[in-house]
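The chain contents come next:
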Amino acid sequence: MKSVLVTGGTGFIGCPLVAALSVAGYQVTVLTRDLAKARIKLPTGVNVISSLDALIAFPDILVNLAGEPLAARRWSAQTKAFIQDSRIGFTDRLFDFFERKGKFPARIINGSAIGYYGNCGDRLLDEGKPAGADFAARLCSDWEVSARQFEQRGSSLCVLRIGIVLGANGGALKQMLPAFRMGVGGLMGSGEQYMSWIHIDDMVRLILFVIDHPVIVGPVNAVSSQSVTNRDFSRILADVLHRPAFFPMPAFVLRLLFGEMADTVLLASQRVLPSRALGSGFEFRYPDLRDTFENLLIK
């Protein structure tokens, strides 16, 4: 039985991942700041710790998904510093722990995001494209640099550049649903920006896939093969909900509300291809956006 240490294990992706790892027979430990919350949210049998020093079994695999959500609040200098520390600083501290132990997990799965590429219009983006220059791009690039420290100690590293993860119980879709269900949803800005997304089930399956295939190293785009424009995303979501989508949010209003985050996250266009995943034999169960919405929202 292989042991897995998961950070971010009580989050939107982390919870179903931990459940799937447990079902697959892994010995799972979750590092968390809130032990009581973790014990409620996570399956029986998962070991929950608040300090790395409490590790019972040395992990064969580390899945590092920890990080403050980018869109949780308007960005200030303090918020940016906190976001950076929650990813880069935390990953550095993980590395330092294992360095002191003199031993490293054989396999590392580290989070990143398609924000790595910056705002790229309608250009197709595979894993070979360079990093952008805005805050989110620099954040992702620096996080990946931090994770590569593990490679220098012999670990097999895969970095997942995660797109918009769609699930009914969290993430971007949960935030959008109230407006769209009331019929007051609509496109953001011009609506021409590309959104690269992935069903939560495929996200979890992809993480298990790269764990099981240690030859997959380096960056992997965690997105469906069918990116869509924000205009089409809004139209399909409204159609599945049988609601109109006539209430656009102009770019200037988004900038007033969210400042720098509007251009970097909400209005940025990333038309991303999952080239490495497909080339490695991974098969998406939900490559189509309409099928995804129907699966998540129609019960």
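Going by the structure above, here's the rest.
Keep in mind the model is a prediction, meaning the values are calculated, not measured.

## Description of the overall build of the chain
Right, so step 1: Within the chain, the secondary structure is distributed over 11 helices and 13 strands.
Right, so step 2: Expected size for 299 residues packed as a compact globule is a radius of gyration near 19 Å; at 19 Å, the chain falls within 12% of this value.
Right, so step 3: C-alpha extents for the chain along the principal axes are approximately 55 × 40 × 40 Å.
Right, so step 4: Counting across all 299 residues of the chain, residues that qualify as buried make up 51%.
Right, so step 5: For the chain, the accessible area works out to roughly 13,600 Å², and carbon and sulfur atoms hold 54% of it.
Right, so step 6: When the 32 positive and 27 negative side-chain charges of the chain are each reduced to one mean point, those points stand 4 Å apart.

## Overview of the packing of aromatic side chains
Right, so step 1: Counting across every chain of the model gives 12 aromatic pairs.
Right, so step 2: Measuring from centroid to centroid gives 5.0 Å for Trp75 and Phe135, while their planes differ by 65°, and the two rings are edge-to-face. Placement of the pair is Trp75 in the loop between strand E4 (61–64) and helix H3 (77–101) and Phe135 in helix H4 (residues 135–147), with a sequence separation of 60 residues. Across this residue pair, the class does not change: Trp75 and Phe135 are buried.
Right, so step 3: Measuring from ring centre to ring centre gives 5.3 Å for Tyr116 and Tyr117, while their planes differ by 85°; the resulting arrangement is edge-to-face.
Right, so step 4: Take Tyr116: its relative accessible area is 12%, and that puts it in the buried class.
Right, so step 5: Aromatic rings pair up to connect Phe58, Phe95, Phe97, Phe98, Phe104 and Phe150 into one cluster.

## Some remarks on the pairing of strand E11 (residues 218–222)
Right, so step 1: Burial runs high along E11: four of the five residues are buried.
Right, so step 2: Pairing geometry for strand E7 (residues 156–162) and E11, over five bridges, is parallel. Bridged to Ile162 within E11 is Ala222.

## Quick look at the sheet that holds E7
Right, so step 1: Strand order across the open sheet formed by seven strands is E3-E2-E1-E4-E5-E7-E11, with parallel pairing between neighbours. Each of the sheet's edge strands pairs with one partner strand only, and the pair in question is strand E3 (47–49) and E11. Taking the axes of each pair of neighbouring strands and ignoring which way they run, one obtains an average angle of 20° across the sheet.
Right, so step 2: Two strands pair when backbone bridges link them, and strand E2 (residues 27–31) and E3 are joined in this way by three bridges, in the parallel orientation. By the bridge assignment, Thr29 is partnered in E3 with Asn47.
Right, so step 3: Running at roughly 160° to E2, helix H1 (residues 14–23) makes contact with strand E1 (3–7), E2 and E4 of the sheet.

## Here's the deal with H3
Right, so step 1: Taking 1.5 Å per residue, 25 residues should reach 36 Å; H3 reaches 34 Å between its end C-alpha atoms and fits that length.
Right, so step 2: The sharpest bend along H3 comes to roughly 40°, located at Asp85.
Right, so step 3: Buried within H3 are the following residues: Thr79, Lys80, Ile83, Ser86, Arg87, Ile88, Gly89, Thr91, Leu94, Phe95, Phe97 and Phe98.
Right, so step 4: Buried residues along H3 sit against E1, E2, E4, strand E5 (107–113), H4 and helix H9 (260–266).
Right, so step 5: Just past H3, the residue Gly102 takes up positive phi, approximately 75°.

## Here's the deal with the pattern of salt bridges
Right, so step 1: Counted by the stated rule, this structure contains 11 salt bridges.
Right, so step 2: Here Glu68 and Arg73 are joined by a salt bridge, their closest N and O atoms 2.9 Å apart.
Right, so step 3: With a shortest N-O distance of 2.9 Å, Glu192 and Arg231 are connected by a salt bridge. Linking Glu192 in the loop between helix H5 (171–181) and strand E9 (194–195) with Arg231 in helix H7 (residues 230–241), this pair joins segments that are 39 residues apart in sequence.
Right, so step 4: Note on Glu192: relative accessible area 44%, which makes it partly exposed.

Cut-off values and rules
- Throughout this description, residue numbers start from 1 for each chain and increase along the sequence as written.
- For this predicted model, a pLDDT threshold of at least 70 governs which residues receive local features, and a threshold of 80 or more governs which side-chain atom pairs are given and counted, while totals over whole chains, interfaces and linings are taken from all residues.
- Only heavy atoms go into the side-chain values, all of them from the structure, while hydrogens and water stay out.
- In DSSP terms, a helix is any run of H or I states spanning at least four residues, a strand is any run of E spanning at least two, and both are numbered starting from the N terminus.
- With C-alpha atoms as the basis for the radius of gyration, the globule rule is written as 2.2 Å multiplied by the number of residues raised to the power 0.38.
- Summary of the burial criterion: residues with accessible area below 20% of their type's maximum are buried, those above 50% are exposed, and those between are partly exposed, where the area comes from a 1.4 Å probe applied to protein chains only.
- Methods summary: accessible areas were calculated by the Shrake-Rupley approach with a probe of 1.4 Å, and residue burial reflects only the protein chains presented.
- Neither His nor the chain ends contribute to the count of charged residues, in which Lys and Arg are positive and Asp and Glu negative.
- Charged side chains are reduced to one point each, which is NZ for Lys, CZ for Arg, CG for Asp and CD for Glu.
- Aromatic contacts are taken between Phe, Tyr and Trp rings whose centres are within 6.5 Å, Trp giving its six-membered ring; a plane angle under 30 degrees counts as stacked, one over 60 as edge-to-face, and the others as tilted.
- For two strands to be treated as a pair, DSSP must find at least two bridges joining them.
- For helices, the fitted line uses only the C-alpha atoms of the stretch in contact; every axis is such a line through C-alpha atoms, and the angle between N-to-C directions lies from 0 to 180 degrees.
- Contact criterion: two residues are considered in contact whenever any of their non-hydrogen atoms come within 4.5 Å of each other.
- Expected span of a helix, by definition, is 1.5 Å for each gap between consecutive residues, and there is one gap fewer than residues.
- Throughout, bend refers to the angle between the axes fitted to the seven residues that end at a position and the seven residues that start at it.
- When a carboxyl oxygen of Asp or Glu is within 4 Å of a side-chain nitrogen of Lys or Arg, the pair counts as a salt bridge.

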